[in-house]
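Given next are the chains, with one letter for each unit.
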Amino acid sequence: MAFSSVQAENSFVNFMSPEELDSEWVNLSPIFLPQTLQLPTPPVSDSGYTSNVDHPMPPSMIIVSTVFYLGAELNMVQDVALVSNDCVHFYVDKSRLLSSSYNGFNHLLDNLRTSDSVDPPIIPICERSETLNVILHAIFHMSCAAYAPSFEVLKTAVNEMQTYGLQAPLYLKSSSSLFSLLLAQAPLHPDDVFALAAEHRAEDLAVPVSSHLLSMPLFKIDDEMASRIGPVYLRRLFFMHFGRVEALKRLLKLPPYPHPPSGECDFVAQKSLTRAWTLTAAYIIWDARPDTSTSSIKTAFQSLSNQLPCRQCNRMLVKRLEEVIISWSQVKCTI
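Residues numbered from 1 in each chain as written. Predicted model: local features only at pLDDT ≥ 70, side-chain atom pairs only at ≥ 80, totals over all residues. Heavy atoms only, no water.

**Student:** Hey, could you run me through the overall build of the chain in this one?
**Tutor:** Looking only at helices and strands, the chain has 12 helices and 5 strands in total. Counting only residues that meet the buried cut, the chain has 47% of its 335 residues in that class. Restricting to contacts in the chain with at least 6 residues of sequence separation, those with at least 24 account for 66%. Per element, the accessible surface of the chain, about 17900 Å² overall, is 54% carbon and sulfur. (Helix = DSSP H or I, 4+ residues; strand = E, 2+ residues; numbered from the N terminus. Buried < 20%, exposed > 50% of the residue type's maximum accessible area, 1.4 Å probe, protein only. Contact = heavy atoms within 4.5 Å. Areas by Shrake-Rupley, 256 points an atom, 1.4 Å probe, with all protein chains shown as cover.)

Set out below in structure tokens:
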């Protein structure tokens, strides 16, 4: 068999000879290509497709997806071959593509004529194999996590869905594998993932990702990012920031409740606790942020306990501080 002997992890292409596509040999374990290897060029098909790869490959070799190869057990009729612009072949079900797309998969399948040939017709696609791989996995409700696609690949795949008549919000539901992959990118690219979700009105993704934007100053949102997010989600993002800051101010405004007066501490003496609380609260509010941590609030107020000679005042301080911490942790932290 004419397979490459070079192997690497997380690749989704195989070298195969055309004769092997119709044999049972296609069910062998995939042979992987290194991700840094430039993919060779298969023979030019009758469709007029021309590859932009510089180094030609032997005419007896083509590159095939390790998932969507001809004969794969995918519970589908593999009656069309999509070829990426780096010459990787994906054998898929034409009817499934048409049912998922509102424009005939960018009108590439509209006038596809049936052929007496045993080989499925070849359709050139103007996307790289990494991008097409993500799109096809989404269409057929499969996870592509094994290939560890980068955020740029995921972003390109989602943006190109509209080109092929695919409704991106349907593939970004919380139950989808694409949702999980993008949500995992949120800690590293919070603004970009949120903008991507907002662009495509993917509510399921936008809401959890927004919690990663609590620490981002709003002035860092430039015109381009604001345009991508759009007025609806931008307004919700601003209200999330402002709403949390106002909630923190309301919580800190109320000082500890006074305890019944005693011989050691009357109402006049308890005013010192109220003044100390107010000064500490003003210090926190002056630099209040949507992502103000409960630990910083605790640290600021616990220092007051050393200045209070009255044990009952200390207990009231601890009680009020616990109320503030619990209430602050319950304030909504998403849009």
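**Student:** Would you explain helix H12 (residues 311–329) in this entry?
**Tutor:** Residue pairs three or four apart in sequence face the same way in an α-helix, which turns once every 3.6 residues. Between its terminal C-alpha atoms H12 stretches 27 Å, which fits the 27 Å expected from 19 residues at 1.5 Å a residue. The complete set of buried residues in H12 reads Cys313, Asn314, Met316, Leu317, Arg320, Leu321, Val324, Ile325 and Trp328. The elements touched by buried residues of H12 are helix H9 (223–253), helix H10 (267–286) and helix H11 (294–302). (Expected span 1.5 Å × (residues − 1).)

**Student:** Can you walk me through the packing of aromatic side chains in this structure?
**Tutor:** All told, the structure shown has 6 aromatic pairs when counted by the stated rule. Ring geometry for Phe68 against Phe90: centres 6.3 Å apart, planes inclined by 50°, an arrangement best described as tilted. Of the two residues, Phe68 sits in the loop between strand S2 (62–65) and strand S3 (80–83) while Phe90 sits in strand S4 (residues 88–92), which places them 22 residues apart along the sequence. Assigned by exposure class, Phe68 and Phe90 land together as buried. Among the aromatic side chains, those forming a connected cluster through ring pairs are Phe68, Phe90 and Phe140. Sitting over the ring of Phe239, Arg235 keeps its end group 4.4 Å from the ring centre. (Phe/Tyr/Trp six-rings, centres within 6.5 Å; stacked < 30°, edge-to-face > 60°. Lys NZ or Arg CZ within 6 Å of the ring centre and 35° of its normal.)

**Student:** Would you mind going over the packing of H10 against H12 with me for this structure?
**Tutor:** Working note: a packed helix pair is described by the angle between its axes plus the distance between those axes. Where H10 meets H12, the axes come as close as 11 Å, and the angle between the chain directions of the two elements is 30°. When the interaxial angle is binned, H10 and H12 end up roughly parallel. Handedness of the H10/H12 crossing: right-handed. Together, Gln270, Leu273 and Trp277 of H10 and Cys313, Leu317, Arg320, Leu321 and Val324 of H12 make up the contact between the two elements. Within the contact of H10 with H12, the residues separate by chemical class into 6 nonpolar, 1 polar and 1 charged. (Axes fitted to C-alpha atoms, helices over the stretch in contact; angles between N-to-C directions. Parallel < 35°, antiparallel > 145°, perpendicular 65-115°, else oblique. Left-handed = near helix turned anticlockwise from the far one by under 90°. Nonpolar A, V, L, I, M, F, W, Y, C, P; charged D, E, K, R; others polar.)

**Student:** Help me understand the pattern of salt bridges, please; the structure alone is not making it clear to me.
**Tutor:** Side-chain pairing between opposite charges can occur once the charged atoms of the two side chains come close. Across all of its chains, the model carries 8 salt bridges by this definition. One salt bridge in this structure joins Asp192 and Arg228, with 3.0 Å as the shortest N-O distance. One end of the pair, Asp192, is in helix H7 (residues 190–199); the other, Arg228, is in helix H9, and 36 residues separate them in sequence. Among the residues examined, Asp192 registers a relative accessible area of 19% and is labelled buried. Note that Glu323 is salt-bridged to Arg320, the shortest N-O span being 3.0 Å. Here Glu323 and its partner Arg320 are both found in helix H12, 3 residues apart, which amounts to about one turn of the helix. Here Arg320 falls in the buried class, since its relative accessible area comes to 7%. One network of salt bridges, with partners in common, ties together Asp86, Arg128 and Glu130. (Salt bridge = Lys/Arg side-chain N within 4 Å of Asp/Glu carboxyl O.)

**Student:** Would you mind showing me how to read the side chain of Gln270 here?
**Tutor:** The topology assignment puts Gln270 in helix H10. Residue Gln270 is classed as buried on the basis of its relative accessible area of 7%.

Keep in mind these values describe shape, not function.
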